[in-house]
Amino acid sequence: MSSRRRQWLVVVALVALALNLRPAAVSVGPVLDELRSALAMGSGMAGFVTTLPVLCFAGFGGLAPRLARALGIHRVMLAALIVTGLGLAGRAVAIDLALFVVATVPALAGMAAANVLLPSLVKLHFPDRIGLMTAVYTTALASGLTAGSALTVPVAQATGSWRGGLGVWALLAAVAVVPWLGLVRHDLSAAGQRTTSMRRLLRSRLAWATAIFFGIQSLQAYSVFGWLPQIYRDAGFSAESAGLLLTVVTGTSIPASLVLPRLAVRRPRQRGLVLALCACFLGGYLGLLFAPGPGAWAWALLIGVGTGLFPLVLTLIGLRSRTPETTAALSGFAQGIGYLLSAAGPVTIGLVYGATGSWTVPLLILIVLLVPQAATGVIVGTPGYVEDDLAPPPGPALVPADGAQ
């Protein structure tokens, strides 16, 4: 296979993979009521199921760099897609709650592994086009997110069951396997090579800033995805209008994903982009606090632009590491710690809302979190490489003895 044909195959494989990295997580929410009735799912278990994607991102994503070093990145990507597809098919035919959860975990685990390795794959195949290729795959990822949210219910209605609405995404995963079959034959493992481990990154200020920045932006996003419709419902909107406003948020992430990575790589510093997107979140939250009804569409649009921090931080992971192996380690470190941090977001917001009966305090919490989000984002948006944090300090200068020439 020629180098050019192989690059095009990688592009197709990237897009096909990215389209599959969100439906497994977001397709449950739209049919949750039907699931609860069919599988005798209590409210506590429903909360666990909706939090499971973030927990799996945190728990399984960190294993991906080690697997890629041992087996090869393309083989791990192919395996992740197969596991995801089998899990999606399994939960669509589950006859009880236990089987549903057992099938959901591998579906999300495969998704988590692939999610971590995407920045490394771009660094490996397109080191001089990180912005363009990150834009390509994050746009596909955002499209998959929007499709999973918007199409699950219509497919379920067309097939007469929630099983069809969930099972259709297994077919998408099966189609995505095809281009990866053509890449695995060229795979090489990195076993025995000197690479940056995630444990070494514990000593890196830049790695910690990236992890916290990633975690808070994920916390913001998942809190919005989970609770924005209820905020609008409480402001007097119908269920249909509230769902449409959430679609504005997720839909806005598609053009944001297309534009922001390319803007980021053209700038020596990305701090301005970070602060601008944090300001969009701030404007949207303040609008929800003081005028949730009159400016509803504007607030949804602002928050949607703010969620562009996700493709931006993925771009920065590639820009702040020198090699594909270090990119994989940094991505696993940031996403493992970040998703663990973000898991507390939707739950905490829900508990505070339940305790206060108002959205004022929950929104104020999200506003306060914009401060550390912006601070760590400024650090990550400043030029530098994570490898520089890990380099041994220079030894003391040797001073020649008196009389030496």
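The shown structure was predicted, so the numbers you read here are calculated from the model rather than taken from an experiment.

Quick notes on the rules
- Residues numbered from 1 in each chain as written.
- Predicted model: local features only at pLDDT ≥ 70, side-chain atom pairs only at ≥ 80, totals over all residues.
- Heavy atoms only, no water.
- Helix = DSSP H or I, 4+ residues; strand = E, 2+ residues; numbered from the N terminus.
- Rg over C-alpha atoms; globule rule 2.2 N^0.38 Å.
- Buried < 20%, exposed > 50% of the residue type's maximum accessible area, 1.4 Å probe, protein only.
- Contact = heavy atoms within 4.5 Å.
- Areas by Shrake-Rupley, 256 points an atom, 1.4 Å probe, with all protein chains shown as cover.
- Lys, Arg positive; Asp, Glu negative; His and termini not counted.
- Charge placed at Lys NZ, Arg CZ, Asp CG, Glu CD.
- Phe/Tyr/Trp six-rings, centres within 6.5 Å; stacked < 30°, edge-to-face > 60°.
- Core = buried A, V, L, I, M, F, W, Y, C linked by side-chain atoms within 4.5 Å.
- 1 Å grid on protein atoms, 1.4 Å probe; cavity = no way out; pocket = protein on both sides within 12 Å on 5 of 7 lines; lining within 4 Å.
- Points joined across faces, edges and corners; volume = space filled by probe spheres on them.
- Nonpolar A, V, L, I, M, F, W, Y, C, P; charged D, E, K, R; others polar.
- Expected span 1.5 Å × (residues − 1).
- Bend = angle between axes of the 7 residues up to and from the residue.
- Salt bridge = Lys/Arg side-chain N within 4 Å of Asp/Glu carboxyl O.
- Polar contact = N/O pair within 3.5 Å; in protein donor to acceptor, adjacent residues only side chain to side chain.

Some thoughts on the overall build of the chain
Along the chain, the regular secondary structure elements total 18 helices and zero strands. Taken over C-alpha atoms, the radius of gyration comes to 22 Å for the chain, in line with the 22 Å a tight globule of 405 residues would show. Burial analysis of the chain (405 residues in total) assigns 52% to the buried set. Summarising the internal contacts of the chain: among those between residues at least 6 apart in sequence, 83% fall at separations of at least 24. Approximately 17200 Å² of the chain is accessible, and the part contributed by carbon and sulfur atoms is 67%. One finds the centroid of the 26 positive side-chain charges in the chain at a distance of 7 Å from the centroid of its 12 negative side-chain charges.

Observations regarding the packing of aromatic side chains
Following the criterion strictly, the structure yields 12 aromatic pairs and no others. Pairing Tyr-353 with Trp-359 gives two aromatic rings, centres 3.9 Å apart and planes at 10°, and the pair type is stacked. Each member of the pair, Tyr-353 as well as Trp-359, carries the same accessibility label: buried.

Some remarks on unusual backbone geometry
A negative phi holds for most residues other than glycine; trans holds for most peptide bonds. Residue Ala-40 is not a glycine yet carries a positive backbone phi of 55°. Its location among the elements puts Ala-40 in the loop between α3 (32–39) and α4 (43–61).

Some details on the nonpolar core
Looking at soluble globular proteins, one finds that nonpolar side chains tend to be buried together. Counting residues in each nonpolar core, the largest one holds 108 residues, and the members touching the most others are Trp-180, Tyr-232, Tyr-285 and Leu-288. In contact with Leu-288, not counting residues within four places along its chain, are Leu-228, Ile-231, Tyr-232, Trp-299, Ile-303 and Leu-363. Counting 15 residues, the second-largest nonpolar core is a separate cluster that includes Val-28, Leu-35, Leu-39 and Trp-162.

Some words on empty space enclosed by the protein
Using a probe with the size of a water molecule, rolled over the atoms, empty space left in the structure can be pinpointed. Summed over all chains, the structure comprises two cavities of 30 Å³ or more. Estimates place the volume of the largest cavity at around 70 Å³. Elements with a contribution of two residues or more to the lining of the largest cavity: α10 (205–234), α12 (271–290) and α17 (360–380). Here the lining of the largest cavity takes five residues from α10, the largest share from any one element. Looking at the lining of the largest cavity residue by residue, the class counts come to 12 nonpolar, one polar and no charged. Its boundaries defined by the atoms lining it, the second largest cavity holds a volume of some 40 Å³. For the lining of the second largest cavity, the elements supplying multiple residues, two or more each, are α7 (97–125), α8 (130–159) and α14 (309–319). Within the lining of the second largest cavity, the residues separate by chemical class into five nonpolar, two polar and one charged.

Examining helix α11 (residues 239–265)
Each turn of an α-helix holds 3.6 residues, which means side chains three or four residues apart point in the same direction. Over its 27 residues, α11 runs 40 Å from end to end, which matches the ideal 39 Å to within 8%, given 1.5 Å per residue. The axis of α11 is deflected most strongly, by about 35°, at Ala-256. Inspection of α11 places Ala-242, Leu-245, Leu-246, Val-249, Thr-250, Thr-252, Ser-253, Ala-256, Ser-257, Leu-260, Pro-261 and Ala-264 among the buried residues, and these make up the whole buried set. In the core, the buried residues of α11 are packed alongside α8, α10, α12, α13 (296–306) and α14.

Considerations on the side chain of Arg-91
Turning to its location among the elements, Arg-91 is positioned in helix α6 (residues 73–92). For the buried residue Arg-91, which engages in no salt bridge, the nearest side chain bearing the opposite charge is Glu-34, 13 Å off. Within the local environment of Arg-91, its side chain forms a polar contact with the side chain of Ser-27, the two groups lying 3.0 Å apart. Residues contacting Arg-91, with those up to four places away along its chain left out, are Pro-23, Ala-24, Ser-27, Val-28, Phe-100, Ala-103, Thr-104, Trp-162 and Leu-166.

Considering the side chain of Ser-204
By the element assignment, Ser-204 lies in the loop between α9 (162–181) and α10. A distance of 3.0 Å separates a polar atom in the side chain of Ser-204 from the backbone nitrogen of Ala-207. Apart from residues no more than four positions distant in its own chain, Ser-204 is found in contact with Val-386, Asp-389 and Leu-390.

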